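Listed here are the chains, written in short residue letters.
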Amino acid sequence: MPKLESFTVRLRTGQRAPSAPPTYVINGFLVEFDKTSGAAKPGEVYEATGEPGSFPHSLLLCGPKEGAWDIDEVSVTYHCHGEDAYTIRLGAVTLDDASDLNIWYERPAPVFDV
Amino acid sequence: MPTWFTKAFKSAETRPKPRPQVDLPKAQPAPVAESRPQPPLLPSEVKSTPKSRRVIYAPVLVEEEEQSSWTPEIRIKARVEKDHRSCVFMVDRPVLQGLSAWYPSAASAKDSPLAEYLFAIPGVASVLLHDFTVTVAREPGSGTSWEDLSKEVGARIRNHLLVGVPAVAPEFLEKIPSEDELRQKLSRVIDLEINPGIAAHSGVISLERVVGNTAYIKMGGGCQGCAASTSTLREGVHRAFRDAVPEIGAILDETDHSAGANPFYRSLPVGMEADA
């Protein structure tokens with residue numbers, strides 16, 4: 001497992017939005033993002049960077065404290081220690097006050113032509 | 001020290017939520033006349049437990065290559081598996097449509113011209129043909145790099161398909177039992193051999209379906225998310241299945257090992273547990 005220096009979540013919110021700024025959970029600990037831009041409002045793009053500097057056994061984007069949060073699309077860019085950055089794109093998902101989104105994916109195995 | 005760690009413990013707001021306090025019932029005054037003493041309230045009756053949380057997995061989107069219509073040129077893509085022992089070759093046309101065939105050694109590949117052709121490459125340890133894919137494992141410690149081996153395997157698959165010889169001989173196809181028969185045999189192996197063996201670890205294996213001669217299984221209980229589940233699958237399930245039903249081809253694990261009630265890593269804070 002690589003050491004995750006930092007990661008950036010970029011997402012577009014659908015119709016329903018969270019009432020409070022998004023947070024994330026790493027290895028069971030609730031942490032606020034280090035840098036944010038945009039807004040998690042309907043139709044808007046929100047970008048947030050976390051700098052855990054740790055080994056992510058689990059990494060979750062927290063659901064809203066109340067109501068639902070429609071996310072149209074998410075991309076997560078990972079900067080791991082000693083490796084090139086890579087990005088994973090996720091499809092639409094709806095979170096509620098009892099759910100969190102898994103956002104930890106190891107680098108996909110490369111596919112090449114033979 | 002990791003920054004998230006420092007932050008998590010420096011700020012009271014971001015500190016993991018403490019276990020919710022349960023208000024235990026206070027000592028009741030002596031019962032007055034005419035009222036029957038009430039049994040003490042259970043903690044669950046005093047205060048509701050926090051809502052458990054579940055982890056959602058969104059679909060991972062893969063950039064699709066612009067696919068043109070069918071071309072005579074055979075295109076093959078390779079993906080080296082995480083353990084670096086095997087490599088999956090994805091072909092743009094069927095290799096063994098709807099079926100699968102497993103060859104653990106060159107000696108076992110007499111009824112497959114394609115597998116025999118691949119075993120002729122030094123360092124090839126096993127060959128699995130399945131629908132549009134060919135999975136090749138290399139001999140451990142052979143020193144053969146996938147960079148060289150994958151090109152050779154790809155070239156041989158392409159040559160074989162161009163010649164038009166079937167991947168397996170007709171005799172192989174005749175030996176394959178019906179899906180129902182395979183399902184019954186595999187279920188018996190699971191019930192009588194596999195599950196009793198892993199019950200001590202609270203593990204359970206279930207047969208999800210059989211398609212052609214390919215078995216799809218799921219691992220549950222203590223097996224789900226267990227770091228040794230790969231060994232259980234390879235050394236236990238594969239061996240038991242193939243000993244009892246030699247005609248079985250691919251055995252595919254459909255378990256999500258990071259989700260569910262008993263994943264290997266599960267340490268969300270109190271009140272944020274994954275759903276049981």
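Because the structure is predicted, anything quoted here is derived from the model rather than measured. (Residues numbered from 1 in each chain as written. Chains lettered and ligands numbered in written order. Predicted model: local features only at pLDDT ≥ 70, side-chain atom pairs only at ≥ 80, totals over all residues. Heavy atoms only, no water.)

K.L.:
Please give an account of the confidence of the model for chain B that cites residues and values.
P.N.:
Residues and elements named next belong to chain B. Taken residue by residue, chain B gives an average pLDDT of 78. The fraction at 70 or more is 67%. Here helix α2 (residues 43-46) stands out as the least confident element of chain B, with mean pLDDT 52; helix α3 (residues 113-119) is the most confident, with 96. The low-confidence segment residues 29-35, where pLDDT is below 50, has zero contacts with residues more than four positions distant or belonging to other chains. Residue range residues 260-276 is modelled with pLDDT below 50. Its contacts to residues more than four positions away, or to other chains, number 50 contacts. (pLDDT = per-residue confidence, 0-100. Helix = DSSP H or I, 4+ residues; strand = E, 2+ residues; numbered from the N terminus. Contact = heavy atoms within 4.5 Å.)

K.L.:
Account for the packing of aromatic side chains, with residues named and values stated.
P.N.:
Scanning the entire structure with this criterion turns up five aromatic pairs over all chains. Measuring from centroid to centroid gives 4.9 Å for Y24 of chain A and F33 of chain A, while their planes differ by 40 degrees, and the two rings are tilted. (Phe/Tyr/Trp six-rings, centres within 6.5 Å; stacked < 30°, edge-to-face > 60°.)

K.L.:
Requested: an account of the pairing of strand β9 (residues 214-221) of chain B, with residues and values cited.
P.N.:
Residues and elements named next belong to chain B. Summarising burial for β9: six of the eight residues are buried, a large majority. With eight bridges joining them, strand β8 (residues 203-211) and β9 adopt antiparallel strand pairing. Paired with V211 across the bridge in β9 is T214. Two strands pair when backbone bridges link them, and β9 and strand β10 (residues 251-253) are joined in this way by three bridges, in the parallel orientation. Looking at the pairing, I217 lines up with D253 of β10. (Buried < 20%, exposed > 50% of the residue type's maximum accessible area, 1.4 Å probe, protein only. Pairing = 2+ DSSP bridges.)

K.L.:
Before we move on, can you summarise the sheet that holds strand β1 (residues 54-56) of chain B with the specific residues and values?
P.N.:
In spatial order, the strands read β3(A)-β2(A)-β6(A)-β10(A)-β1(B); together these five strands make up an open sheet with mixed pairing. Since the sheet does not close on itself, it has two edges, and those belong to β3 (29-32) of chain A together with β1 of chain B, each with one partner. In this sheet, neighbouring strand axes are inclined to one another by 35 degrees on average, regardless of whether the strands run parallel or antiparallel. As paired strands, strand β6 (residues 59-62) of chain A and strand β10 (residues 99-102) of chain A are joined by three bridges and run antiparallel to one another. (Axes fitted to C-alpha atoms, helices over the stretch in contact; angles between N-to-C directions.)

K.L.:
Lay out the sheet that holds β8 of chain B with the relevant residues and their values.
P.N.:
All names here are of chain B. One open sheet accounts for three strands, arranged β8-β9-β10; its pairing is mixed. Lying at the two open borders of the sheet, with one neighbouring strand each, are β8 and β10. Looking at each pair of strands side by side, their axes are set apart by 30 degrees on average, direction ignored. Along the sheet face, helix α6 (residues 179-198) touches β8 and β9 and points at about 170 degrees away from the line of β8.

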